[in-house]
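The chain contents come next:
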2 protein chains.
Amino acid sequence: MEKLKEIIDSIVLPDEKYLKKALLRLSQQARPKGSLGVLEGLSARLSGIFNTLDVSLDKKVIVTCAGDHGVVAEGISVFPGEVTSQMVHNFVNRGASINVLAKHAGAEVRVADLGVNYDFDPYLPIFHKKIGKGTNNFAVEPAMSKKQAINSILIGIDIVDELLNKGGIDIIGTGDMGIGNTTPSTAIIAAVSGISVDKLTGRGTGIDDKTLLKKIAVINKGLALHKPDPNDPIDILSKVGGFEIGGIAGLVIGSAQKGIPVVCDGLISTAGALLACMLAPYARAYLFASHNSVEAGHVFMLKHLGLNPLVDLGFRLGEGTGAAVAFTLLEASTRVLADIKTFEEVKIGNAHL
Amino acid sequence: MEKLKEIIDSIVLPDEKYLKKALLRLSQQARPKGSLGVLEGLSARLSGIFNTLDVSLDKKVIVTCAGDHGVVAEGISVFPGEVTSQMVHNFVNRGASINVLAKHAGAEVRVADLGVNYDFDPYLPIFHKKIGKGTNNFAVEPAMSKKQAINSILIGIDIVDELLNKGGIDIIGTGDMGIGNTTPSTAIIAAVSGISVDKLTGRGTGIDDKTLLKKIAVINKGLALHKPDPNDPIDILSKVGGFEIGGIAGLVIGSAQKGIPVVCDGLISTAGALLACMLAPYARAYLFASHNSVEAGHVFMLKHLGLNPLVDLGFRLGEGTGAAVAFTLLEASTRVLADIKTFEEVKIGNAHL
């Protein structure tokens, strides 16, 4: 915890100088004031983070964190647990949804194994960071130890360091893969918010009514058994979380510490971001929401974090797919700020405004 | 009208063979069914239009139609009329919002003068298609003759032909530039819908309360004076429309006739698309909505056309900016369909589904 605390304490807020310069330039551009809506505010935030009016987001990376979940034994998912490792291979072979959407957005996909129940070939080009072969079933025992929870976060932070050391990155998007992981994510939100589980629980990959009731019961059982402290993110993560969720929290904290923006994807990623911002409130200044997931708990988390999603396309997939779509819009916002000319630059009178 | 009727009659609906093939492939991809939300349906529609599962939208063009409006004399806009021609120069010099957002989307911008109150240099690289130097003030007399209204639509159709003849295009986005043109657009929607003008009228480029009341009064005056027939799009266009709005209607009809998709932008473009679909109901099959404008009348039109906007970013700018953003998402949808592997292709069992 000492090391994590040290890293968190070293996060600094972006200074406001360029944020203000950006807002001024946006108001002087040859178009009606405020007419590019949310892209304007986004471009100003990015400008503040990078201390320039001409932000480059050329080097974009989606980090998809993978892990398995003991709670799958309770029968709360459509897919069997072995699909997690199969999908990791699919990511490496570039055939999955995130590969396709990241490529379209000009982003690289990097996969991290934090806890998949499979022995990957050590030469497989992924971040090999396995903490365990899946978490414990939180309906029976805590998902992991506190030490493992802290470790999962430190791994996420390390991944940011490694990416920066190997050629640099301008922006990180978080992604997840872990069969069953809407269950721990929903448990996390319920623990933090105190909102009743039945109001927060969604259908994940597409479970039927009967399985939905079982999922709600399992989450309630885990929360009643472990009584996670709503104000202690490590306690929550260890009792009802997941290795990849901790990894995502680490990506958010690591990005903030390095002063680069980080975009969270859907339900699982935002659960990780929620824990990250509880541990490190300043990280919020570097965090961007991507899309509005179909999952009910997602809306609560975004509200709690004070984030507005950029798009609402009915995605319920994870992997980082929402973050990839958001990359495109965030990049568009940087061009809006830097490249649209001002009234003065194009010599159109604005005395009448 | 004969020529226009002939063109409209030659529009054919996309056949359903590839639409169905696309829906089948989407359902077999290695991800939860329906998990990419609206991108799935879009990709299937595009597949049906192009008769292939591997649609290319490489060649993207935004056509920004410009025209001036006599009704500006009533004082209903923040900007003076001469800004229309200044912005046309700004488009050509690539300094405007649409240039920046189109470039980011990998699209070209082409500008068409259908009725700007300015003598452009004949060598300026725009479509020189001036019908008149601005419309008449519809608060006093009809905006244009019926012949001019039909002519404006035929010009839009001609532009599609010219673009196709010069190297080809895969998709067209519509855009507009015309100081005051939310006023005729709102008048068009009121005429078609019968909804009261005060419920439909927005603030355009940012008018104050007093000017908003004047704008509502001017639209009501024009509608009371000319009584446009709600079922006759040419009657409506000629009495309370605009040259660039007719041009946009022509772009929609021309795209449908040539079997290419067309994306409408905000309030003004969608007013043009509404008239186009009244004239040519089959054109709807080639039409895609882009964004949700802040303008109140826009919501009505999209509902009337049965179109769902892709994004809601708080834009209220026009020029084609919403269409440019939508291009990126439509292109992403084509990659989703073609490139995400099926369970069979990646050998992940889906027997459990």
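As a convention, each chain's residues are numbered from 1 in the sequence order in which they are written. Chain A is the first chain written and ligand 1 is the first ligand written, with later ones labelled in order. Selection of residues for local features in this predicted model requires a pLDDT of at least 70, selection of side-chain atom pairs for listing and counting requires 80 or more, and totals for whole chains, interfaces and linings are taken over all residues. Side-chain numbers come from the whole structure's heavy atoms, not from hydrogens or water.

Please set out the overall build of chain A residue by residue, giving values where relevant.
The helix count covers DSSP runs of H or I at least four residues long, the strand count covers runs of E at least two residues long, and both are numbered beginning at the N terminus. Secondary structure summary: chain A contains 15 helices and six strands in total. Taking 353 residues into account, the globule formula puts the C-alpha radius of gyration at 20 Å, and chain A, at 20 Å, falls close to it. The principal-axis extent of the C-alpha atoms belonging to chain A is close to 70 × 45 × 40 Å. When the 353 residues of chain A are sorted by exposure, 62% land in the buried category. Contact definition: two residues touch when any of their heavy atoms are within 4.5 Å. Nonlocal contacts in chain A, meaning residues at least 24 apart in sequence, comprise 76% of its contacts between residues at least 6 apart. Using a 1.4 Å probe, accessible areas were evaluated by the Shrake-Rupley method; residue-level cover was limited to the displayed protein chains. Total accessible area on chain A stands at roughly 12800 Å², and carbon and sulfur atoms take up 52% of it. Both definitions apply: the radius of gyration is a C-alpha atom measure, and the globule rule equals 2.2 Å times residues to the power 0.38. Any residue under 20% of the maximum accessible area for its type is buried, any over 50% is exposed, and the rest in between are partly exposed; the area is computed with a 1.4 Å probe on protein chains only.

Just give me the short version of the layout of surface pockets, but keep the residues and values in it.
Residues and elements named next belong to chain A. Taken as a whole, the largest pocket spans an internal volume of roughly 460 Å³. Of the two site types, the cavity is a set of points on a 1 Å grid over the protein atoms alone where a 1.4 Å probe fits but cannot get out, and the pocket is an open set with protein on both sides within 12 Å along at least five of seven lines, each lined by residues with an atom within 4 Å of a point. Taken together, 16 residues make up the lining of the largest pocket; nearest its centre are Phe 91, Val 92, Arg 94, Asn 99 and Val 109. Taken together, the elements giving at least two residues each to the lining of the largest pocket come down to α4 (83-92), α5 (97-104) and β2 (107-115). Each residue belonging to the lining of the largest pocket can be placed in one class, and the counts come to seven nonpolar, three polar and six charged. Grid points are joined across faces, edges and corners, and a volume is the space filled by probe spheres set on the points. Under the convention adopted here, Pro, Cys and the residues Ala, Val, Leu, Ile, Met, Phe, Trp and Tyr are nonpolar, Asp, Glu, Lys and Arg are charged, and Gly plus all remaining residues are polar.

Describe the interface of chain B and chain A, naming the residues involved and giving the relevant values.
In this assembly, 48 residues from chain B lie in contact with 48 residues from chain A. The term buried area means the drop in 1.4 Å probe accessible area that two parts suffer when joined, counted for both and summed. Of all residues in chain B, His 104, Leu 313 and Ile 348 of chain B give up the largest surface area on contact with chain A, accounting jointly for 14% of the area buried on that side. Salt bridge, as used here, is a side-chain nitrogen of Lys or Arg placed within 4 Å of a carboxyl oxygen of Asp or Glu. In this structure, the connection of chain B to chain A is made through zero salt bridges. Contributing elements (two or more residues each) for the side of chain B that touches chain A: α3 (37-50), α4 (83-92), α5 (97-104), α14 (321-339) and α15 (343-346) of chain B. Looking at the side of chain B that touches chain A residue by residue, the classes come out as 27 nonpolar, 14 polar and seven charged.

With reference to specific residues and values, describe the domain arrangement of chain A.
Residues and elements named next belong to chain A. By domain assignment, chain A separates into domain 1 (2-55 + 337-346) and domain 2 (60-330). Segmentation into domains, and thus their bounds, comes from an automatic or database assignment. Each of domain 1 and domain 2 has a C-alpha centre, and these two points are 28 Å apart. Across the contact, 16 residues belong to domain 1 and 26 residues belong to domain 2. Summed over both sides, the interface of domain 1 with domain 2 buries roughly 1800 Å², with 77% coming from carbon and sulfur. Of all residues in domain 1, Leu 4, Ile 11 and Arg 45 bury the most surface against domain 2, accounting for 33% of the area lost on that side. Our enumeration of links across domain 1 and domain 2 arrives at zero salt bridges. Within 3.5 Å is the distance limit for a polar contact, defined as a pair of N or O atoms, with the added protein rule that one can donate a hydrogen and the other accept it, and that residues adjacent in sequence qualify only through two side-chain atoms. If you look at where domain 1 meets domain 2, you find five residue pairs in polar contact (both at pLDDT 80 or more). Of all the elements in the fold, those that place two or more residues in the side of domain 1 that touches domain 2 are α1 (2-9) and α3 (37-50).

Explain the packing of aromatic side chains to me, and be specific about the residues and the numbers.
Residue and element names in this part refer to chain A. Pairing of aromatic rings covers Phe, Tyr and the six-membered ring of Trp, with a centre-to-centre limit of 6.5 Å; geometry is then stacked below 30 degrees between planes, edge-to-face above 60, and tilted otherwise. In total, this model carries four aromatic pairs over all chains according to the counting rule given. Taking the centre distance of 5.1 Å and the plane angle of 55 degrees together, the rings of Tyr 118 and Phe 120 count as tilted. Taking relative accessible area as the criterion, Phe 120 reaches 9% and is therefore assigned buried. Lysine NZ or arginine CZ positioned within 6 Å of the ring centre and within 35 degrees of the ring normal marks a charge as sitting over the ring. Positioned above the aromatic ring of Phe 288, the side-chain terminus of Arg 45 is 3.8 Å from the ring centre.

Tell me about the environment of Leu 307 of chain A, and please be specific about residues and values.
Residues and elements named next belong to chain A. Note on placement: Leu 307 falls in the loop between α13 (296-305) and α14 (321-339). Overall, the relative accessible area of 5% leaves Leu 307 in the buried class. Put simply, Leu 307 and Leu 287 are 20 residues apart on the chain and 8.4 Å apart in space, counted from C-alpha to C-alpha. Other than its neighbours up to four places away in sequence, Leu 307 contacts Arg 45, Arg 284, Leu 287, Phe 288, Ala 289 and Leu 302.

Give a description of the sheet that holds strand β5 (residues 262-264) of chain A that names residues and reports values.
All names here are of chain A. Read from one edge of the open sheet, six strands run β3-β2-β1-β4-β5-β6, paired in parallel fashion. Only two strands of the sheet have a single partner each, and these edge strands are β3 (127-128) and β6 (287-289). Strand pairing is defined by DSSP finding a minimum of two bridges between the two strands. Note that β2 and β3 share two bridges and pair parallel. When the sheet's bridge partners are listed, Asp 113 is paired in β3 with His 128.

How would you summarise the relation of the copies chain B and chain A if you had to cite specific residues and measurements?
A residue counts toward the fit only if its pLDDT is at least 70 in both copies, and the copies are then superposed by least squares on the C-alpha atoms of those residues. It takes a turn of 180 degrees to lay chain B on chain A, together with a shift of 0.0 Å along the axis; the resulting RMSD is 0.0 Å. Between the two chains, the operation in question is that of a two-fold axis. Across chain B, the rotation axis passes nearest the C-alpha of Val 311 of chain B, at a separation of 3.0 Å. Same-surface contact between copies: 100% of interface residues of chain B are shared with the interface of chain A.

Can you tell me about the sheet that holds strand β4 (residues 171-177) of chain B, naming the residues and giving the values?
Reading across from one edge, β3-β2-β1-β4-β5-β6 (chain B) is the order of the six strands in this open sheet, with parallel pairing throughout. Strand pairing shows two members of the sheet lacking a second neighbour, β3 (127-128) and β6 (287-289) of chain B, which therefore form its edges.

Let's hear about α1 of chain A: which residues, and what values?
Residue and element names in this part refer to chain A. If you check which residues of α1 are buried, you get Leu 4, Ile 7 and Ile 8. Viewed along the axis of α1, the buried residues span an arc of 100 degrees, placing them on a single side of the element. Exposed and oriented more than 90 degrees from the buried face of α1 are Glu 2, Glu 6 and Asp 9. Considering only its buried residues, α1 is in contact with α6 (146-165), α10 (233-240), α11 (243-258) and α12 (267-279). The arc in question is formed by the directions pointing from the helix axis toward the C-beta atoms.

Residues and numbers for unusual backbone geometry, please.
The phi torsion of most residues other than glycine is negative, and most of the peptide bonds are trans. Residues and elements named next belong to chain A. Located in the positive-phi region is Asn 51, a residue other than glycine, with phi close to 55 degrees. Structurally, Asn 51 can be placed in the loop between α3 and β1 (60-67). On the basis of relative accessible area, Asn 51 is assigned to the partly exposed category, the value being 39%. Backbone geometry at Arg 94 places phi at a positive 65 degrees, although glycine is not the residue there. Within the element layout of this structure, Arg 94 appears in the loop between α4 and α5.

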